[in-house]
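Report on the structure
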Amino acid sequence: MLLSYLRERLRLTGTKYGCGGGGCGACTVMVSRYQPSTKTILHYSANACLLPVCQLQGAAVTTVEGIGNTKTRVHPVQERIAKAHGSQCGFCTPGMVMSMYTLLRNKPQPNMEDITEALGGNLCRCTGYRPIVDGCKTFSQESNCCQANGNGAGCCLNGDSSPQRSENLPPQLFDQEDLLPLDPTQDLIFPPELILMAETEPQVSQLFRGDRMVWVSPVSLEELIQLKTSHPQAPLVMGNTNIGPDIKFKGAWHPIIISPTRVQELFKVTKTPQGVCIGAGCSLSVVKALLEGLVQEIPEEKTEIYRSLLQQLGNLGGQQIRNVATIGGNIVSAYPNSDLNPVFAAGNCILNVASKRGRQEILLNKDFFVGFGKTSLKPDEVVLSVFIPVSRQGEFMRAFRQAPRKENALATVTTGMRVMFTEGSSVVKELSIYYGGVGPCTVSATKTCAAVIGRKWDEQTLSEAYTQLLDEISLSPSHPGGQVEFRRSLTLSLLFKFNLQMLHKLWEMDNKVGLIGLETNMVTFSGCHKNVWFFFQAVVKDQSGDDPVGRPIMHRSAISQATGEAVYCDDIPKMEGELHLVLVTSTRPHAKILDIDISEALQVPGVVDVITSKDIPGKKFRTFTGIDEDILAQNEVSCVGHMVCAVVADTRNQAKRGAAVVKIGYEDLPGPVFTVEEAIEKQSFFLPKRMIEQGNVDEAFDKVDHIYEGAIRLGGQEHFYMETQSMVVVPSGEERELKVYLSCQHPTYAQESIAETLGIPSNRVSCHVKRVGGAFGGKVTKTSIIACITSVAAWKTGRAVRCVLERGEDMLITGARHPVLGKHKVGFMNNGRIMAADLHYYANSGNTADESLLVIEKILLHLDNAYNVPNLRGRSVACKTNLPSNTAFRGFGVPQSMLVTENMINDVAMISQYFLFLEQIREINMYKEVSLTHYKFEFDPKNLLRCWDECKEKSDYDRRRKSIGQFNQQNRWKKRGMATIPIKFDIFCVCVSVRQAASLVHIYKDGSVLVSHGGTEMGQGIHTKMQQVASRELHIPASLIHITETNTSAVPNTCPSAASFGTDANGMAVKDACETLYQRLEPVRKQNPEGTWQIWVFHIDKQEGQPYAYYTYGACCSEVEVDCLTGDYRTVRTDIVMDIGRSINPSVDIGQIEGAFIQGLGLYTMEELKFSPSGVLYTRGPSQYKIPAVCDIPLQFNVYLLSGSDNPHAIYSSKGIGEPVLFLGSSVFFAIKDAVAASRVEAGMVGPFTLDSPATPERTCLACNTPFTQKIPASKQGSFQPWALNIP
Ligand SMILES: Cc1cc2nc3c(=O)[nH]c(=O)nc-3n(C[C@H](O)[C@H](O)[C@H](O)COP(=O)(O)OP(=O)(O)OC[C@H]3O[C@@H](n4cnc5c(N)ncnc54)[C@H](O)[C@@H]3O)c2cc1C
Ligand code: FES
Ligand code: FES
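The name that an unreviewed UniProt entry assigns to the protein is Aldehyde oxidase 1, with the source organism given as Hucho hucho. The record held by UniProt for the protein lists under Sequence similarities (unreviewed entry) the comment "Belongs to the xanthine dehydrogenase family."

Now the structure itself:
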């Protein structure tokens, strides 16, 4: 693939590997091709990980390095994304840059829709997207309207009470005046030699021979048909978006591949009055543009099918996928949930097919799709084109889809529905309904259609149709993909949507009589546009211009990250003799290892060795909170994904091949435990259990007016850092020294672990962390264990060893956030005051203890959140299960803990008389004055209350609450909900030994300064902040200060960069070192007061952290709109007020706030880890596991930093911010719950109800209890094996 060619052969490492399957956009490049027929150049973005190099003959590929760099000229796209603070860890940045760059090459003045469409295929795990969009938006001429288009509350066109931008303009995060202009004349030109080649050189067929396969690229149709006749099993590789992932992830292997991308017949487009015939080789983007043109050109009534296809194409994959995936490939791939096939089939489209037997037409109908990935095409047949007819008078067509994420996600259920009415009446002449996602292939609801044809389209007919449909489209309760009830209900509710729209059409045809007010528009808000507003305090007027503290300084590496020059671990050039390591993991959840047979692996060319536990010279295990964990499994495996051994080989592919043939003999052990219920039943725990209590809970329950017991399940969360676990271990060959380059949060821990594993002193191991491409807690313990294994390999072979996990391996092996089952019993008075609460937390820890005991401790320390419950008890336990071990994740148990608490508050509100005023219940129970927490920590909640009040005021809570009520009364199938959530988050590390920091500051004779400290740069901007601290303390401009890496040789015994106290701890250490140096320079300064820094330093040469504990406070109000028929939701608006003291760098801190909020939104509403009944993780890449994308940013997103707040406990009065805001993502969860409650009221259901987290469309839709969900018979528990486990 192009990606490995770029990175490994050409050493162009700016293009990143994030997933290898087209799902993340980190590898985006621009491909340009000259079209001799039109003499134009076509530019399009593409995923290098799916682009076969053999297909690129005659194409020019532009990578991020090609558009600009810091040595010559930075391109405006690179500059603007960087200056708008759109690059945190920076790993996604080159991909973002290339998507935007390609857009600008095609459209120098894009609109917001173009921008969000261009970025739709790129994932970012740090920023929350807003700053990236902000940077890109500077190329657009559009105004900053919120794009709600005057539709409801919150739109600026309605004179909404949002902050007035024009009056008293507060400080901005970046200065638009200060940006390089876009000058298309400076862009690289298309290589003239390629134009010449295309114009003059005859096209000839090509053949590439590799070790294991042959690639043939014909140029004529005859040749193609001949090849297909001789090699009927050889696939035709067009966009490679189906074949590529099959080869990579499913191990498919094809000895011969035919690539007909140069066969002109496959790209022909013919327009006739009857319809359009589109060449099978046309990309989906080309098809989209073509249909968009046709919709403009021909009368509207003829475009029903075209518009339905456009509806699907708008959400199919990301832009990069649509640019290469072909229409023929999509049809022939016959995905069960293909978006286009149901529309083609319902729309009576026809395939033109050729083979050596001649040409024929095939109707795309139910007989064409015969099974999973199978069609009725013969193996030697080639699809030439697809004919899409124009629609006829009285014919209507609609397409609907419901997916786990609005964009760039394969649909759960998708459909094409077409009806033709008898002229002048509502009698149905033809009806065709096809679904995707409810069977092994695209399926037809033939019987349902037959039952409706010939009848009037009315309520009676449709009501019978639902019954028929339910019978006809049935799924087994164990259906692959699960979500059976949801899918079945979607088949009905999507038909209902079609019904509403057809009733409207009939009403229009019937002179618009009756049916006034019919609710046909299911979504008020669409698109990804948004309005943003920030407020932060400007620095005081007399602060020196050279002092950067408190100013929104750009991330110090942002430009290098945007140009692709920033070096991540896997970008380090290959060392002489370097080997690659691939891990072999268990395929059994719980088994004895009988033997490990490595003989075949050692025969694989290039394989050098296989490392097992026996090779470990020192300690074979790590000990976490007193519990041992094997580095490599010794006698027993306890989860699928347990690391057993590792293969080292000359190349990564050889190591992979070797790993595939390692044979491990197992003897299964009985009764693996997967869920917390099973763990409770079998008392499978990591001990000790934890308990905390204040007051007398049992006595208090006797005195309250009401007692309620409830529960909530919260799923885990994959870290999904964009850079997977990566390391290179280099033995120096002398005195047992090792240099370890790795992407981790805690280099000191890695150093200690490696030394103990090898049985050598720590002073022989130096760990180097240049930067980390995202971590979020997932790069502490797990990284260290993998680093130990890699070090053993380097130790044994005496050669440098590189280990970079693939996305799927990383997700399988390294664990996630702990899923939690939370139960509460709450006692409260008639006025809503909670007097007693008893909470139980069961965390699914997986197979090893890791940091679970600390996580369950932290859960208990935060269970009060912002509430003063006089009698409060919490118990927590870490359940030992046979799933991969879970680990630290941003918030470290707090997001789980507080969700249970807030859910309890929600239940209280729903039972009490205050049902409509959830926020009042919160207020009644909040801390009001200086108080003691349940762990006896005294604090003043003044700023918590200020955040709460300010949030309500800024969000215009009272007015919007009323208008939501009105909206809900007027709409049956869409509901709005709103929730305001407070947070009190302590910045405090439980473990005293890691609450320390050190720093080393070198002042060189030329005046430049090198700062080393213990924090690792993961995108949170710690190096930028340390630069600001040093700048202030040394009284020199930040430009004189450099930070090169985190290095255990320069700064020993570092603390982990975690728990939001990296800046506090390291900032104090840098400040201390700089103060000392500045004082030492004082005599020189006094001697020459007029001198400069450079002159003073030319004449010249015990850190300690401070233990502290304080709270970061905040409040967040979110409003959502839910489509009750599908469970889809849109965050209409979010307002966050955070007290983070005096921000050292508002842009970095606002970036952290937004990034954490969006990560929380993912946790509570979207991200779902799924395991098979035998404990195998299904969700191993972006195709199966959805993190928020650019389309998930709230339409209006306001962030305010509380003014006038101080914090005597941390550097310059700032506060830790990395973790706290994540929980505020739950405001979206509770807003969804609020909207669901409104829907349930209409179904006559009041009072508390369970909505587990994440509130996915599935859970939301089922909880809405519409007439359609009610029709689905529940499968009898225990009578079947579900496709997936219900974790926790
Ligand atoms: C990240 C990602 C997201 C996606 N999201 C969606 C989505 O939301 N909705 C959706 O519907 N799809 C989605 N897809 C699927 C995508 O649309 C299809 O993979 C794509 O259309 C296949 O086209 P291709 O040209 O890449 O096919 P290839 O991978 O090149 O080939 C696929 C198959 O088609 C056969 N074939 C191709 N052309 C012909 C021909 N002319 N005649 C006969 N056989 C032919 C090949 O032999 C091969 O078996 C997604 C894919 C990815 C990777
Ligand atoms: S690495 Fe190519 S899309 Fe993820
Ligand atoms: S900045 Fe986007 S993934 Fe880190």
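Turning to the packing of helix α16 (residues 459-472) against helix α17 (residues 484-509), a few remarks are in order. Their axes nearest at 10 Å, the elements α16 and α17 cross at an angle of 160°. Comparing their axes, α17 and α16 come out roughly antiparallel. You can see that α16 and α17 cross each other, and the crossing is right-handed. On α17, the residues touching Glu459, Leu462, Ala465, Tyr466, Leu469 and Leu470 of α16 are Arg488, Thr491, Leu492, Leu495, Phe496, Asn499 and Leu503.

Attention now goes to the UniProt feature "binding site: substrate" (unreviewed entry) in the protein. What UniProt calls "binding site: substrate" (unreviewed entry) maps, in this numbering, to Phe892. Looking at the element boundaries, Phe892 is found in the loop between β35 (871-880) and α27 (894-911). Not counting residues up to four positions away in its chain, the partners in contact with Phe892 are Arg817, Glu851, Leu854, Val855, Lys858 and Glu1219.

Taken together, 30 residues are adjacent to ligand 1, and Met238, Gly239, Thr241, Thr326 and Asp339 come closest. At a separation of 2.9 Å, an oxygen atom of ligand 1 approaches a polar backbone atom of Leu236. Gly239 is positioned with one of its backbone polar atoms (N or O) 2.8 Å from an oxygen atom of ligand 1. Here ligand 1 has 990 Å² of accessible area as a free molecule, and 93% of this is covered by the chains. Going through the elements one at a time, α13 (327-333) and β13 (382-389) are the ones with two or more residues in the shell around ligand 1.

Another point: the packing of aromatic side chains. Under the counting rule described, the total for this entry stands at 19 aromatic pairs. Between Phe624 and Tyr749, the aromatic rings sit 6.1 Å apart at their centres with planes inclined by 40°, giving tilted as the arrangement. Remark: Tyr749 occurs in helix α23 (residues 747-758) and Phe624 occurs in strand β22 (residues 621-624); sequence separation between them is 125 residues. For Tyr749, a relative accessible area of 13% gives the class buried. Ring centres 5.6 Å apart and planes at 85° place the aromatic pair Phe937 and Tyr1111 in the edge-to-face group. Each residue in the set Tyr927, Phe937, Phe939, Tyr1111 and Tyr1113 is aromatic and connected to the rest through ring pairs, giving one cluster.

Leu687 connects to Pro688 through a cis peptide bond whose omega is 5°. Along the polypeptide, Pro688 turns up in strand β27 (residues 685-694). You will see that Asp850, though not glycine, has its phi angle at about 45°, which is positive. Notably, Lys936 is not glycine yet its phi reads approximately 65°, a positive angle. Within the secondary structure, Lys936 is located in the loop between β36 (931-932) and β37 (938-939). Residue Lys936 is classed as exposed on the basis of its relative accessible area of 57%.

How each quantity is defined
- Residues numbered from 1 in each chain as written.
- Chains lettered and ligands numbered in written order.
- Predicted model: local features only at pLDDT ≥ 70, side-chain atom pairs only at ≥ 80, totals over all residues.
- Heavy atoms only, no water.
- UniProt positions renumbered as here; feature names shortened; annotations may be inferred.
- Axes fitted to C-alpha atoms, helices over the stretch in contact; angles between N-to-C directions.
- Helix = DSSP H or I, 4+ residues; strand = E, 2+ residues; numbered from the N terminus.
- Parallel < 35°, antiparallel > 145°, perpendicular 65-115°, else oblique.
- Left-handed = near helix turned anticlockwise from the far one by under 90°.
- Contact = heavy atoms within 4.5 Å.
- Near = heavy atom within 4 Å.
- Polar contact = N/O pair within 3.5 Å; in protein donor to acceptor, adjacent residues only side chain to side chain.
- Areas by Shrake-Rupley, 256 points an atom, 1.4 Å probe, with all protein chains shown as cover.
- Phe/Tyr/Trp six-rings, centres within 6.5 Å; stacked < 30°, edge-to-face > 60°.
- Buried < 20%, exposed > 50% of the residue type's maximum accessible area, 1.4 Å probe, protein only.

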